[in-house]
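Single-letter residue listing:
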Amino acid sequence: MAEIPYVRLNADYGEIRADVIAAVDRVFGKGDFILGEAVERFEQAAARPCGVAHVVALNSGTDALILGMKALGIGPGDEVITQPNSFVASAAAIVHIGATPVFADVLPDQNIDPDQVAAAVTPRTKAIMAVHLTGRCAQMDRLRAIADRHRVLLIEDAAQAFGSKYRGVDAGALGDLGCFSAHPLKNLNAAGDGGFATTNDAAVAERIRRLRNHGLVDRNTVSEWGYASRLDTLQAEVLLIRLQGLSSVIERRRANAARYQGLLASAPVFCPPDRPEEFNTFHTFVIQVDRRDELRTHLLENKIGAAIHYPVPLHLQPAAAHLGYKAGAFPVTERQAQRILSLPIHQHLAEADIVRVAECISAFYGAARS
Ligand SMILES: *Cc1c(COP(=O)(O)O)cnc(C)c1O
């Protein structure tokens, strides 16, 4: 029985090897290691699929959140509303700029619930940060209406959603700031850490550019205390190579998801249905099931990798104790944390792999019923 791993990050090296080696040669040949010419080319190339005027390349998606929110003037005394079921970086970035994360519960599709957001707004709210979890966009039209009504900013944590769309608008162009990660596990992935911020506001882009390079406005003048958060030239070269193949990666992942949805239709498995207003890029394919841990063990015994994103909600993490939330505060998130399982969805799966995963799941529940 062949293994079906959760990811296969080396599987396409053969395809891109010549381009990677040429890029390494270019970068070393020029000695142009940080913020080189390829970084600017990447920023320009990424602006179109994100539907924005400005892309600023950074060290990570986490830094896109931190520097982006700083550039928007968010800081101590401000509250930022976000969801408790995200990757830790969403909340950590809010804490690192001196603001307070305020959590709002999520919908069955794992994205933030606009009604819960509206209920969480206070006079100190400065921004709403929606995470496009799994690659599916949050309900940005309703969130925009809430943000406008309360005159607060709308931020996209789009780390999992490069290429996704909502009502025809690209992730990254749906808020006042878009934050993307190019971590190796993301659909658009570097050969290490990387990230970028998107905005249509030239002044915000300029300030992020300054913050990423120590706050320097010229060689010897520091306008504000900044950071070392520049994208390596080599990573920009890798991202330019990846961008060329990205639409086929996304199509493969979408086709894999559609296959799973068909094959699992009669199994006791909840997959959030695709809505016509969404274009989902399936960073992850998450099912919600009873007896999740037993199912995961069963899959692993059958050499099928499966992951949990994420098993411990942020408000229940030890680091969040100072925020004062208790178990039970976010029932939808907490129930999902017991039930979610991410199946292999990567672009290197064969159709037979997906059939085997689906059959393995159906057999698990079929056996349980008899
Ligand atoms: C990956 C991720 C981040 C952080 O990105 P890094 O590049 O790893 O810093 C932030 N938010 C979400 C939702 C993510 O999935």
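Calculation criteria
Residues numbered from 1 in each chain as written. Predicted model: local features only at pLDDT ≥ 70, side-chain atom pairs only at ≥ 80, totals over all residues. Heavy atoms only, no water. Helix = DSSP H or I, 4+ residues; strand = E, 2+ residues; numbered from the N terminus. Contact = heavy atoms within 4.5 Å. Axes fitted to C-alpha atoms, helices over the stretch in contact; angles between N-to-C directions. Parallel < 35°, antiparallel > 145°, perpendicular 65-115°, else oblique. Left-handed = near helix turned anticlockwise from the far one by under 90°. Nonpolar A, V, L, I, M, F, W, Y, C, P; charged D, E, K, R; others polar. Near = heavy atom within 4 Å. Polar contact = N/O pair within 3.5 Å; in protein donor to acceptor, adjacent residues only side chain to side chain. Areas by Shrake-Rupley, 256 points an atom, 1.4 Å probe, with all protein chains shown as cover. 1 Å grid on protein atoms, 1.4 Å probe; cavity = no way out; pocket = protein on both sides within 12 Å on 5 of 7 lines; lining within 4 Å. Sits in = over half its atoms within 2 Å of the grid points. Domains from an automatic or database assignment. Buried area = accessible area lost by both parts, 1.4 Å probe. Salt bridge = Lys/Arg side-chain N within 4 Å of Asp/Glu carboxyl O.

Positionally, Gln139 belongs in the loop between β4 (125-131) and α6 (140-149). Non-local contacts of Gln139, meaning those with residues more than four positions away in its chain, are made with Leu107, Pro114, Tyr166 and Arg275.

Quick look at the packing of helix α3 (residues 61-71) against helix α7 (residues 202-212) now. Contact geometry for α3 and α7: axes closest at 9 Å, N-to-C directions at 125°. Considering their axes alone, α3 and α7 lie oblique with respect to each other. Taken as a pair, α3 and α7 cross one another with a handedness that is right-handed. Contacts from Leu67, Gly68, Lys70 and Ala71 in α3 reach Val204, Arg207, Ile208, Leu211 and Arg212 in α7. The residue inventory of the contact of α3 with α7, partitioned by class, reads five nonpolar, one polar and three charged.

The environment of the ligand is made up of 16 residues, and the closest members are Gly61, Thr62, Asp157, Ser181 and Lys186. Between Asp157 and the ligand, the recorded distance is 2.7 Å, taken from a side-chain N or O atom to a nitrogen atom. Within the contact set of the ligand, an oxygen atom lies 2.9 Å away from a side-chain nitrogen or oxygen of Gln160. For the ligand, the accessible surface in isolation is 380 Å², of which the surrounding protein chains cover 94%. In this structure, the ligand is accommodated by the largest pocket. Put simply, the parts of the chain that give the shell around the ligand at least two residues each are α3 and α4 (88-96). Here the shell around the ligand is composed, by residue class, of five nonpolar, nine polar and two charged.

Let's shift gears to the domain arrangement of the chain. If you check the domain split of the chain, you get domain 1 (13-244) and domain 2 (246-369). Using only C-alpha atoms to locate each centre, domain 1 and domain 2 end up separated by 25 Å. Each side of the interface is counted separately: domain 1 has 38 residues, and domain 2 has 31 residues. Both faces combined, the contact of domain 1 with domain 2 buries some 3,000 Å², and carbon together with sulfur accounts for 53% of it. When residues of domain 1 are sorted by the area they lose upon contact with domain 2, Phe103, Arg136 and Asn187 head the list and together hold 23% of the total. The salt bridge partner of Arg136 is Asp274, with a shortest N-O separation of 3.5 Å. The interface formed by domain 1 and domain 2 includes 21 residue pairs in polar contact (both at pLDDT 80 or more). Of all the secondary structure elements, the ones that give two or more residues to the side of domain 1 that touches domain 2 are α4, β3 (100-103), β6 (165-166) and α8 (233-263). No other element matches β3, which puts four residues into the side of domain 1 that touches domain 2.

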